[in-house]
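# Architecture and fold: a report
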Amino acid sequence: MFYKMRKALEVEPISFYYDYSQIKDKINDIFLYLQNGVIVGAVSCYENELDDLIVEKSFQGRGIGQKLLLWGMNHIKEQGYEEIILHVAEWNQNAVKLYLKNGFSIKKREKVR
């Protein structure tokens, strides 16, 4: 899942998590959504920032992104943060619509590439 996102954004290196040793220091920040033992989605929460909210393409359109977003928002608020920050690529209009629908607003636009 991360590979596809990083490839679409042309973020190098594309395959940066190729084994557990690379991700073990983030184990408390990355949350997985499983269906029948298969990872179909994930969200990362770093302090008050939501990051890498991803749903496997074949599972999109089933409300999993909404569940991950709400879970992440609640998790961040439970940690004592009032403001939640996230970044989204403008080309990812499904994600933009999801975030706007859930109370987020666009504060700043940045050119990444």
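The preceding data block contains the structure.
Below you will find a few notes about this structure.

What counts, and at which threshold
- Think of each chain on its own: its residues are numbered from 1, step by step along the sequence as written.
- For a predicted model such as this one, the threshold for reporting local features is a pLDDT of at least 70, and the threshold for listing and counting side-chain atom pairs is 80 or more; totals across whole chains, interfaces and linings nevertheless cover every residue.
- The basis for every side-chain value is the complete set of non-hydrogen atoms in the structure, without hydrogens or water.
- Counting from the N terminus, the helices are DSSP H or I runs at least four residues long and the strands are E runs at least two residues long.
- Burial here depends on accessible area, computed with a 1.4 Å probe over protein chains only, as a share of the maximum for the residue type. Under 20% is buried, over 50% is exposed, and the range in between is partly exposed.
- Note on contacts: a residue pair is in contact if any heavy atoms of the two residues lie within 4.5 Å.
- The set of buried Ala, Val, Leu, Ile, Met, Phe, Trp, Tyr and Cys residues whose side-chain atoms join them within 4.5 Å is what this entry labels a nonpolar core.
- Every axis in this analysis is a line fitted to C-alpha atoms, fitted for helices over the stretch in contact. Angles between the N-to-C directions lie between 0 and 180 degrees.
- An angle below 35 degrees is read as roughly parallel, one above 145 as roughly antiparallel, one from 65 to 115 as roughly perpendicular, and any other as oblique.
- Each helix crossing is assigned a hand: it is left-handed if the near helix lies turned anticlockwise from the far helix by less than a right angle, otherwise right-handed if that turn is clockwise.
- Each residue gets one label: Ala, Val, Leu, Ile, Met, Phe, Trp, Tyr, Cys and Pro are nonpolar, Asp, Glu, Lys and Arg are charged, and the others, such as Gly, are polar.
- Salt bridge, as used here: a side-chain nitrogen of Lys or Arg that lies within 4 Å of a carboxyl oxygen of Asp or Glu.

### Some details on the environment of Val-96
Mapped onto the secondary structure, Val-96 falls in helix H4 (residues 93–101). Of the residues examined, Val-96 reaches a relative accessible area of 11% and is grouped as buried. Taking C-alpha positions, Val-96 is 9.2 Å from Ile-106, a pair spaced ten residues apart along the chain. Discounting residues that sit within four places of it in the chain, Val-96 has contacts with Val-88, Ala-89 and Glu-90.

### Describing the nonpolar core
Leu-50, Ile-64, Leu-69, Met-73, Ile-84, Tyr-99 and Phe-104 are the most contacted members of the largest nonpolar core, which has 17 residues in total. The set of elements that each furnish at least two residues to this core consists of strand E2 (38–46), strand E3 (49–55), helix H3 (64–78) and H4. Element by element, the count of residues in this core is highest for H3, at five residues. If sequence neighbours within four positions are ignored, Tyr-99 has contacts with Leu-53, Leu-69, Leu-86, Val-88 and Phe-104.

### Focus: the packing of H3 against H4
Close contact between H3 and H4 brings their axes to 11 Å; oriented N to C, the two are set at 50°. By the angle between their directions, the pair H3 and H4 is classed as oblique. Like other packed secondary-structure pairs, H3 and H4 cross with a definite hand, here right-handed. Contacts between H3 and H4 involve Gly-65, Gln-66 and Leu-69 on the former and, on the latter, Leu-98, Tyr-99 and Lys-101. When the residues that make up the contact of H3 with H4 are grouped by side-chain class, the tally is three nonpolar, two polar and one charged.

### Section: the pattern of salt bridges
Under the defined criterion, the tally for this structure stands at one salt bridge. Arg-109 serves as the salt-bridge partner of Glu-90, at 2.9 Å between the closest nitrogen and oxygen. Separated by 19 residues along the polypeptide, Glu-90 in the loop between strand E4 (85–86) and H4 and Arg-109 in the segment after H4 bring together distant segments of the chain. Across this residue pair, the class does not change: Glu-90 and Arg-109 are exposed.

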